[in-house]
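Breakdown of the fold
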Amino acid sequence: MNVIARFARRHDLTCRRAVELITDYLDKALPGRQRADVERHLSRCPHCSEYLRQLKATIMAIGRVDSDQLSPDVKNTLILLYRRNEG
Ligand SMILES: [Zn+2]
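What this report covers is the structure whose coordinates are included nearby.

With nine residues, the main nonpolar core is built from Cys15, Ala18, Val19, Ile22, Tyr25, Val38, Cys48, Tyr51 and Leu55. Of all the elements in the fold, those that place two or more residues in this core are helix H2 (13–26) and helix H4 (46–62). In terms of residue count, the dominant contributor to this core is H2 (five residues).

If you want it as C-alpha cells, here you go:
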C-alpha cells in the first residue's frame, strides 16, 4: 500500500474510497456507477481533486498510472492537504 492510501485510511471513508478508486478511474477501468461516485466526490473535494491533478501530471511525465511513482515532494504536499482537513 502506498503512503497516500495508507494516510487516507485514517481520513473519512469517502476520501479513502476515492483515493483507492482514482487510478482505476484514470484508467477508465471503473463501472459507470463507481465512476459517477468518484466524479461526484472530486467535484466537492479539493484534496482529492489535487490528488487527481498530481496523478495526471505524473501520467504525463512517465506515461502510466502508478501512485508509488509520485515524488516525495508530491506525497508530502498531499499529506499536508489531507492533514489540514482533519478534525
Ligand atoms: Zn476527498
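What follows concerns helix H3 (residues 32–44). Each α-helix turn comprises 3.6 residues. Residues three or four places apart therefore point the same way. Along its 13 residues, H3 runs 19 Å from first to last C-alpha, staying within 8% of the 18 Å computed at 1.5 Å per residue. The element H3 is largely exposed, with a buried count of one among its 13 residues.

Our focus in this paragraph is unusual backbone geometry. For residues besides glycine, phi is generally negative; the peptide bonds are generally trans as well. In this model, lysine 28 sits at a positive phi of 55°, which is unusual for a non-glycine residue. Tracing the chain through its elements places lysine 28 in the loop between H2 and H3.

What follows covers the environment of lysine 56. Within the secondary structure, lysine 56 sits in helix H4. By C-beta crowding, lysine 56 is classed as exposed, having 12 other C-beta atoms within 10 Å. Taking the C-alpha atoms as reference points, lysine 56 and leucine 26, 30 residues apart in sequence, are found 8.1 Å from one another.

Criteria and cut-off values
Residues numbered from 1 in each chain as written. Predicted model: local features only at pLDDT ≥ 70, side-chain atom pairs only at ≥ 80, totals over all residues. Core = buried A, V, L, I, M, F, W, Y, C linked by C-beta atoms within 7 Å. Buried ≥ 20, exposed ≤ 12 C-beta atoms within 10 Å, placed from the backbone. Helix = DSSP H or I, 4+ residues; strand = E, 2+ residues; numbered from the N terminus. Expected span 1.5 Å × (residues − 1).

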